[in-house]
Amino acid sequence: WHGFFTSDSTKVRLAELMIDQNELLREHALGNFGELLHAVVRDPAMLIYLDNNTNVEGHPNENFARELMELYSLGEGNYTEVDVREAARALTGAWAGPFGEYEFHEEVHDAGEKAILGQTGNFGADDLLDILLEQPACARWVATKLLRYFEGAEPSPERLEEYAATLREADYEVVPVLKKLFSDPRFYRDEVLG
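An account of the accompanying structure is given in this report. Just so we're clear, the structure is a prediction, and the values are computed from it rather than from any experiment. (Residues numbered from 1 in each chain as written. Predicted model: local features only at pLDDT ≥ 70, side-chain atom pairs only at ≥ 80, totals over all residues. Heavy atoms only, no water.)

1. Some points on the overall build of the chain
- Along its length, the chain carries 10 helices and four strands.
- For the chain, the succession of helices and strands along the chain, N to C, is α-α-α-α-α-α-β-β-β-β-α-α-α-α.
- In summary, the chain has a C-alpha radius of gyration of 17 Å against a globular reference of 16 Å for 194 residues, a match within 12%.
- Projected onto its principal axes, the C-alpha positions of the chain cover 55 × 40 × 20 Å.
- Taken across its 194 residues, the chain has 49% of its residues classed as buried.
- Contacts spanning at least 24 positions in sequence make up 58% of the contacts within the chain whose residues lie at least 6 apart.
- For the chain, the exposed area adds up to about 9,600 Å²; of that, 52% sits on carbon and sulfur atoms.
- On the chain, the mean spot of the 17 positive side-chain charges and the mean spot of the 37 negative ones are 6 Å from each other. (Helix = DSSP H or I, 4+ residues; strand = E, 2+ residues; numbered from the N terminus. Rg over C-alpha atoms; globule rule 2.2 N^0.38 Å. Buried < 20%, exposed > 50% of the residue type's maximum accessible area, 1.4 Å probe, protein only. Contact = heavy atoms within 4.5 Å. Areas by Shrake-Rupley, 256 points an atom, 1.4 Å probe, with all protein chains shown as cover. Lys, Arg positive; Asp, Glu negative; His and termini not counted. Charge placed at Lys NZ, Arg CZ, Asp CG, Glu CD.)

What follows is the structure, encoded as structure tokens:
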């Protein structure tokens with residue numbers, strides 16, 4: 001997950017936050033991807049790295065919202081620029097506090113109605129993540145990343161859909177997908193071995 005949820009110590013500049021992030025990723029590594037995604041959005045190192053401390057009502061910073069959609073959940077082409085702007089509004093007020101803790105600042109959160117990926121409501125961060133996880137593109141994106149990482153090869157469209165379906169059926173639990181992968185004879189094909 002370290003290569004999936006990217007951050008950088010030169011920007012975060014607090015070693016203890018990077019250690020905490022590493023521990024967070026390890027804690028959730030073989031758990032539920034949805035729970036991991038929810039935890040990452042509250043991770044102080046990630047909030048600092050993706051500039052969410054400057055994300056306030058009336059002046060949303062889109063950096064975290066864009067990376068959340070493009071790199072962490074849906075992949076390019078599965079959302080619009082409007083979705084990014086609205087998602088940024090849902091993330092307003094989620095900050096890293098001065099002592100490296102997660103803080104929610106309701107006074108700078110945009111409590112207005114937002115339209116994200118065809119849904120409309122007064123969405124906050126958790127609502128946004130639930131919407132992202134409901135998208136078929138999310139399971140495909142995560143399955144693609146898992147297959148590429150463990151096999152080092154691009155999965156066929158059919159194989160990708162098979163593993164995305166497994167991920168959805170397992171409600172984003174990672175272990176059933178890995179068990180399926182590691183007992184799949186195709187995992188041991190010549191193209192992948194070594």
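2. Some remarks on the side chain of Q21
- Mapped onto the elements, Q21 comes out in helix α2 (residues 15-28).
- Its relative accessible area of 6% is what places Q21 among the buried residues.
- Here S7 takes part through its side chain, which lies 2.5 Å from a polar atom of the side chain of Q21.
- Ignoring any residue separated from it by four or fewer positions in sequence, one finds Q21 in contact with S7, D43, A45 and M46. (Polar contact = N/O pair within 3.5 Å; in protein donor to acceptor, adjacent residues only side chain to side chain.)

3. Some points on the packing of aromatic side chains
- Inspection of every chain in the model, using the stated rule, returns 13 aromatic pairs.
- Of the aromatic side chains, those joined through ring pairs into one cluster are W1, F4, F5, F33, Y72 and Y172.
- In this arrangement the basic side chain of K11 is found over the ring face of Y49, its NZ or CZ atom lying 5.7 Å from the centre.
- Of note, K180 hangs over the ring of Y163, and the distance from its end group to the ring centre comes to 5.2 Å. (Phe/Tyr/Trp six-rings, centres within 6.5 Å; stacked < 30°, edge-to-face > 60°. Lys NZ or Arg CZ within 6 Å of the ring centre and 35° of its normal.)

4. Quick word on the packing of helix α5 (residues 63-70) against helix α6 (residues 81-90)
- Look at α5 against α6: their axes get within 8 Å of each other, and the N-to-C directions meet at 125 degrees. For the element pair α5 / α6, the angle class is oblique. Relative to α6, the crossing made by α5 is right-handed. Residues A65, R66 and M69 of α5 touch α6, and the partners they reach there are E81, D83, V84, A87 and A88. (Axes fitted to C-alpha atoms, helices over the stretch in contact; angles between N-to-C directions. Parallel < 35°, antiparallel > 145°, perpendicular 65-115°, else oblique. Left-handed = near helix turned anticlockwise from the far one by under 90°.)

5. Some details on the pattern of salt bridges
- A complete count under the given rule lists 15 salt bridges for this structure.
- Residues joined in a network through salt bridges with shared partners are E151, R159, E162, K180, D184, R186, R189 and E191. (Salt bridge = Lys/Arg side-chain N within 4 Å of Asp/Glu carboxyl O.)

6. Section: helix α3 (residues 33-40)
- With seven of eight residues buried, α3 is to be regarded as a mostly interior element.
- Among the residues making up α3, those that are buried are F33, G34, L36, L37, H38, A39 and V40.
- In this structure, the buried residues of α3 make contact with α2, α4 (44-49), α5, α7 (125-134), α8 (136-151) and α10 (174-182).
- Looking at where α3 begins, the residue whose side-chain oxygen comes 2.8 Å from the main-chain nitrogen of G34 is N32.

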